[in-house]
Amino acid sequence: SGPPPDHIVPVRSDWLGHYQTTKMNLRSSCALFLATRSVEAFTSAPPSKTSFQTKLGSTSRDDENAVADAVDSVKGALSGMALAAALWTSPAMISGQLDPTAASQYLPSSTASAKEMASGSGTRVNKDPESLLRYGLPIKNKEVRTLQKNIEEIRNDIASKRKSAALDDAKKAKGIINSKEKQMTASCRDAQVCSDILANMKTEMTPLEVSLKESQDFLAGSEQERKALDDSYKVQDAIQKELTTLQEQMIPPGYVTPVPSDYDDLPQLEGRATVEMIVKKPDGSNFDIEGSLFKEAKMKMIIDGYTAPVTGGNFVDLVKKGFYNDMDIQRSDGFVVQTGNPKGEAEGYVGTPSKSVGAGKHGERLIPSEIFVTGDKAPFYETTIEDEGRGGEATVLPFSSYGAMGWAREEYDANSGSSQFFWLLFDSDLTPAGKNVLDGRYPVFGYVVEGSDFLRDIKEGDIITSAKVTEGEEHLKMPK
């Protein structure tokens, strides 16, 4: 027992070769144990005793795979730490960059076993921003959650060409609509509206099944198969949008996430808003997204006031004020794309400060850290999940989607955020399941739902030419 090590030693590349032909002796077991214990200090949950003993107790040819799995697990966790380090270098100050060369020693090996890639690369991680937003809605209806799971699985089936599985999930979804309509509409503000939505979803299942069956009849890899799968994807997307509308009908009338009165003098978002942003290259050159060229990068973001009412309200208020218009991108390092630092000595938006949090050293309006843990009735403020002794618990909105939006702050001050935010360039290889060290340390207040691919080519110095609230502006509550 005792405190964990206060630093991490990079995994040495010669470990695997050393143990390929012999069992792990006492020295190697201790080394692996110490490395694992070190990682546990930064991961969301320690490995179980059983799984750890399994890795150390295998014999003969299993030794090689066991050591490889164990070391790759350590490397995966270390890579998550490397990502966190990119944000922990005073993100609100834009004062540091993670050295890609140094970080590469922590990246998972490209020759990782299939087992590690399956479990560590995202099969257990929900990376769909619209799905995450649906799960973030304040509703309690187990039937609609079961329906959601089946409908969303259809998309995964189509993407991996599991056509029979997609048809099975479509049939299950239709069966849920037929048998559980009464239980679902009972949770709606207007039962008839929900009945109509469910009827539309059931009607759209027919063309979905037709296109899926057509894809089965065509030669794998053919243009006909591709078109049939594309048609399936489009219909499934339409059904998902109906699902979102259905679930939004289940939000109790007048629902507002509880916020302590201490923050009544800060903008608050009582619901959700949509923000659209356009970014351009300063020299007029194109964005190159996998060979396709674009004159401008257009992104659509959903800002969530159910999970982050103060953070989301602050952002929407600044967008409405035009604060981000003509602002340059100040950081793009392969881990995050970050902006929000205005020209001049101030490091954030200068405005009337909150009495509870106060002002920054140059008059910046500061906002408190805001973390909403799954199962809680409201966010907690001014601390992190670790400060609360709840490390490892899940947050309502996680950093598990490419383009997840987080609020930047100084490393050691949870209440130093003002106007700077970042888009996380989430990579499931870099941040494996269960190894996300950002959740609960920085608030997620929204996701990019359209145009996230542009983040791959948005560079430092690019210009935000326009940021506008296109929907949900009425949900912004300003201080009286």
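Novice: Teacher, can you tell me more about the overall build of the protein here?
Specialist: When you go through the protein residue by residue, the secondary structure sums to twelve helices and 15 strands. Taken over 480 residues, the protein has a buried fraction of 51%. On the protein, roughly 22,500 Å² of surface is accessible, and the fraction owed to carbon and sulfur atoms is 51%.

Novice: Quick question: what am I supposed to make of the state of the cysteines here?
Specialist: Here is the idea: a disulfide is a covalent bond, and it sits between the sulfur atoms of two cysteines. Across all of its chains, the model carries one disulfide by this definition. A sulfur-sulfur distance of 2.0 Å marks the disulfide that ties Cys188 to Cys194. In this structure, the disulfide formed by Cys188 and Cys194 twists by about -105° around the S-S bond and is classed as left-handed. The residues Cys188 and Cys194 share a single accessibility class, namely buried.

Novice: Mind showing me how you'd approach the packing of aromatic side chains here?
Specialist: Centre distance and the angle of the planes are the two values used to describe a pair of aromatic rings. According to the stated counting rule, one finds 17 aromatic pairs in the structure shown. The residue whose ring lies beneath Arg409 is Tyr442, and the NZ or CZ to ring-centre distance is 4.5 Å. A cation over an aromatic ring shows up here: Arg456 above the ring of Tyr402, its NZ or CZ 4.5 Å from the ring centre.

Novice: Whenever I open this one, the packing of helix α9 (residues 163-185) against helix α10 (residues 191-217) confuses me. Can you help?
Specialist: Packed helices, taken two at a time, are described by the angle their axes make and the gap between the axes. The geometry of α9 relative to α10 is characterised by a closest axis approach of 10 Å and an angle of 165° between their N-to-C directions. With respect to each other, α9 and α10 are oriented roughly antiparallel. When the axes of α9 and α10 are compared, the crossing they make is left-handed. Partitioning the contact of α9 with α10 into residue classes produces 13 nonpolar, six polar and seven charged.

Novice: Is there a simple way to explain the packing of helix α8 (residues 142-159) against α10 in this structure?
Specialist: Interaxial distance between α8 and α10 falls to 14 Å at its minimum, and their mutual angle equals 25°. As judged from the angle between their axes, α8 and α10 are roughly parallel. Here the hand of the crossing between α8 and α10 comes out left-handed. The residues of α10 that touch α8, namely those facing Leu147, Ile151, Ile154 and Ile158, are Leu198, Met201, Met205, Leu208 and Leu212.

Novice: Mind showing me how you'd approach the pairing of strand β11 (residues 404-407) here?
Specialist: Side chains Ala404 and Gly406 of β11 all project onto a buried face; the interleaved residues Met405 and Trp407 project onto the opposite face, where all are buried too. One ladder, built from four bridges, connects β11 with strand β12 (residues 421-424); its direction is antiparallel. Across the sheet, the residue bridging to Met405 is Trp423, located in β12. Relative to strand β13 (residues 444-450), β11 runs antiparallel, the two sharing three bridges.

Novice: Explain the sheet that holds strand β8 (residues 336-339) here, please?
Specialist: Taken in spatial order, the nine strands of this open sheet run β6-β14-β2-β5-β13-β11-β12-β8-β7, and their pairing is antiparallel. Lying at the two open borders of the sheet, with one neighbouring strand each, are β6 (327-328) and β7 (331-332). Bridge count for β7 against β8 is two bridges, and the pairing is antiparallel. Looking at the pairing, Ser332 lines up with Val337 of β8.

Novice: Whenever I open this one, the nonpolar core confuses me. Can you help?
Specialist: Generally speaking, a soluble globular protein has its nonpolar side chains buried in company with each other. With 45 residues, the main nonpolar core has Phe315, Tyr324, Trp423 and Ile458 as its most contacted residues. Secondary structure elements with two or more residues in this core: β2 (272-280), β3 (287-289), β5 (297-304), α12 (309-320), β11, β12, β13 and β14 (463-471). It is α12 that contributes the most residues to this core, five residues altogether. Counting residues in each nonpolar core, the second largest holds 30 residues, with Ile139, Cys188, Val235 and Ile251 among its members.

Novice: Sorry, what's going on with α9 here?
Specialist: Counting along an α-helix, one turn takes 3.6 residues, and residues three or four places apart therefore face a common direction. Its 23 residues give α9 an end-to-end C-alpha distance of 31 Å, which sits within 8% of 33 Å, the value for a rise of 1.5 Å per residue. At Ser179, α9 shows its strongest bend, of approximately 65°. All of the buried residues along α9 are Lys163, Ala166, Leu167, Asp169, Ala170, Ala173, Ile176, Ile177, Met184 and Thr185.

Novice: Sorry, what's going on with the confidence of the model for the protein here?
Specialist: A low pLDDT score tells you not to read the predicted coordinates there in detail. Averaged over every residue, the pLDDT of the protein is 80; the share at 70 or more is 72%. Here residues 1-77 is a poorly scored stretch, pLDDT under 50, and it has 79 contacts once near neighbours within four places are set aside; other chains count. Predicted confidence for residues 86-123 stays below pLDDT 50, and this span has 84 contacts to residues more than four positions away or in other chains.

Cut-off values and rules
- Residues numbered from 1 in each chain as written.
- Predicted model: local features only at pLDDT ≥ 70, side-chain atom pairs only at ≥ 80, totals over all residues.
- Heavy atoms only, no water.
- Helix = DSSP H or I, 4+ residues; strand = E, 2+ residues; numbered from the N terminus.
- Buried < 20%, exposed > 50% of the residue type's maximum accessible area, 1.4 Å probe, protein only.
- Areas by Shrake-Rupley, 256 points an atom, 1.4 Å probe, with all protein chains shown as cover.
- Disulfide = S-S within 2.5 Å.
- Phe/Tyr/Trp six-rings, centres within 6.5 Å; stacked < 30°, edge-to-face > 60°.
- Lys NZ or Arg CZ within 6 Å of the ring centre and 35° of its normal.
- Axes fitted to C-alpha atoms, helices over the stretch in contact; angles between N-to-C directions.
- Parallel < 35°, antiparallel > 145°, perpendicular 65-115°, else oblique.
- Left-handed = near helix turned anticlockwise from the far one by under 90°.
- Nonpolar A, V, L, I, M, F, W, Y, C, P; charged D, E, K, R; others polar.
- Contact = heavy atoms within 4.5 Å.
- Pairing = 2+ DSSP bridges.
- Core = buried A, V, L, I, M, F, W, Y, C linked by side-chain atoms within 4.5 Å.
- Expected span 1.5 Å × (residues − 1).
- Bend = angle between axes of the 7 residues up to and from the residue.
- pLDDT = per-residue confidence, 0-100.

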